Amino acid sequence: MYCVKCGVELSESEKRCPLCHTEVYLPGYAPNEDARPYPKFEKPEKVNPRGIYFIISFVCIIGAIISFVCDLNLGGGITWSGYAIGGIALFYILFILPGWFKRFNPAIFIPCDFLAIGLFLAYVNLATGGSWFLSFAFPLTGAVTLIISSITILCYYIKRGYLYIFGGAFIAAGLFCPVLELLGYLTFGGEYIMWGIYPLIALFLIGIMLIVIAIVKPFRESLCRIFAI
Ligand SMILES: [Zn+2]
């Protein structure tokens, strides 16, 4: 038998032409379901990702214990193992922990990730006897956390107005640059050359441009046409 539309030869069991998808219709003929010309599609068996996460968790714990014990025996106290354990914990929180959850909610995980980074930096500062955490690393990670978390939460829950969100984020990041320079100057000293003003201008202009694109509809539409979005 042949397809009425394209003329391709059909096997007895086919309900549709494999080439043009035209329905095969023969009066008084019921297609034989069992005699398909191709094997039934079967989904490949899924590997349970939890097994992999379990193994990685195990390796992390073993690594942390080994570095702790070695440090205690060789160094007579917690010296370098604090950084190692902190690093392992940070890696675990950033990359492995979200894998345990069926639904990954970035609005929760991203602020937690930055909190973990902040805590790790605070530990390094404390362990090295530095005085750069409170005056520099804390405001820096705080500002980055605030900006990235706001973008994530707004995009995740509102799901529109991305241009306004990113425009606002660029402006906020730009405004923070002179503050960052001042904090760096107060913490580490050096020359105060006002470099913060250049990224401020650049980021501010990008932010304003995004908001203008968001407001002016014809402009936005012509841009979409040019970039074929
Ligand atoms: Zn056909």
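Residues numbered from 1 in each chain as written. Predicted model: local features only at pLDDT ≥ 70, side-chain atom pairs only at ≥ 80, totals over all residues. Heavy atoms only, no water.

Turning our attention to the overall build of the protein chain. When its secondary structure is counted, the protein chain shows 7 helices and 0 strands. In the protein chain, the order of α-helices and β-strands from amino to carboxyl end is α-α-α-α-α-α-α. When its C-alpha atoms are laid out on the principal axes, the protein chain stretches across 90 × 60 × 25 Å. Buried residues in the protein chain amount to 25% of all 229 residues. Summarising the internal contacts of the protein chain: among those between residues at least 6 apart in sequence, 47% fall at separations of at least 24. On the protein chain, roughly 16100 Å² of surface is accessible, and the fraction owed to carbon and sulfur atoms is 72%. Separation of charge centres in the protein chain, based on 15 positive and 13 negative side chains, amounts to 10 Å. (Helix = DSSP H or I, 4+ residues; strand = E, 2+ residues; numbered from the N terminus. Buried < 20%, exposed > 50% of the residue type's maximum accessible area, 1.4 Å probe, protein only. Contact = heavy atoms within 4.5 Å. Areas by Shrake-Rupley, 256 points an atom, 1.4 Å probe, with all protein chains shown as cover. Lys, Arg positive; Asp, Glu negative; His and termini not counted. Charge placed at Lys NZ, Arg CZ, Asp CG, Glu CD.)

What the rule picks out here adds up to 8 aromatic pairs. Ring centres of Tyr-185 and Tyr-192 lie 4.9 Å apart, and the angle between their planes is 50°; this geometry places the pair in the tilted category. A relative accessible area of 34% means that Tyr-185 is categorised as partly exposed. (Phe/Tyr/Trp six-rings, centres within 6.5 Å; stacked < 30°, edge-to-face > 60°.)

On to the state of the cysteines, then. What the rule picks out here adds up to 0 disulfides. Here Cys-155 stays unpaired: no disulfide links it, and the sulfur of Cys-224, its closest cysteine neighbor, is 16 Å away. A residue is classified by how much of its surface remains accessible, and Cys-155, at 15% relative accessible area, is buried. (Disulfide = S-S within 2.5 Å.)

This paragraph deals with the side chain of Asp-71. Within the secondary structure, Asp-71 is located in helix α1 (residues 49-74). As a buried residue without a salt bridge, Asp-71 has its nearest oppositely charged side chain in Arg-50, at a separation of 33 Å. At 2.7 Å, the side chain of Asp-71 forms a polar contact with the side chain of Ser-81. Sequence-distant contacts of Asp-71, defined by excluding residues within four places in its chain, comprise Gly-76, Gly-77, Ile-78, Thr-79, Trp-80 and Ser-81. (Salt bridge = Lys/Arg side-chain N within 4 Å of Asp/Glu carboxyl O. Polar contact = N/O pair within 3.5 Å; in protein donor to acceptor, adjacent residues only side chain to side chain.)

Next up on the list: the pattern of salt bridges. By the definition in use, this model includes 2 salt bridges. For Glu-23, the salt bridge is made with Arg-16, and the minimal N-O distance between the two is 3.9 Å. Classification of Arg-16 as partly exposed rests on a relative accessible area of 46%.

Another point: the coordination of the zinc ion. Ideal geometry at a metal gives 109.5 degrees between four tetrahedral donors and either 90 or 180 degrees between six octahedral ones. On the protein side, the zinc ion has Cys-3 (SG), Cys-6 (SG), Cys-17 (SG) and Cys-20 (SG) as donor atoms, found 2.2 to 2.3 Å from it. Between the 4 donor atoms coordinating the zinc ion, the angles at the centre fall across 103 to 116°, so the site counts as tetrahedral. The sequence pattern formed by the donor residues of the zinc ion is C-x2-C-x10-C-x2-C. You can see Cys-3 sitting in the segment before α1 and its partner Cys-20 sitting in the segment before α1, a full 17 residues away along the chain. Judged by relative accessible area, Cys-3 falls into the buried class, the value being 7%. Looking at Cys-20, the relative accessible area reads 23%, which means it is partly exposed. (Donors = N, O, S within 2.8 Å, 3.2 Å for Na, K, Ca; no water. Tetrahedral: all angles 85-135°; square planar, octahedral: opposite > 155°, others 65-115°.)

Locating Lys-15 in the fold gives a position in the segment before α1. Note: C-alpha distance between Lys-15 and Asn-105 (90 residues apart in sequence) is 44 Å.

What follows is about the packing of helix α4 (residues 133-158) against helix α5 (residues 162-188). Remark: α4 packs on α5, axes separated minimally by 9 Å, with the N-to-C direction vectors making an angle of 175°. One element, α4, and the other, α5, form an angle in the roughly antiparallel class. Between α4 and α5, the residues in contact are Ser-135, Phe-136, Pro-139, Leu-140, Ala-143, Ile-147, Ile-151, Leu-154 and Cys-155 and Tyr-162, Ile-165, Phe-166, Ala-169, Ala-172, Ala-173, Phe-176, Leu-180, Leu-183, Gly-184, Thr-187 and Phe-188, respectively. In terms of residue class, the contact of α4 with α5 is built from 18 nonpolar, 3 polar and no charged. (Axes fitted to C-alpha atoms, helices over the stretch in contact; angles between N-to-C directions. Parallel < 35°, antiparallel > 145°, perpendicular 65-115°, else oblique. Nonpolar A, V, L, I, M, F, W, Y, C, P; charged D, E, K, R; others polar.)

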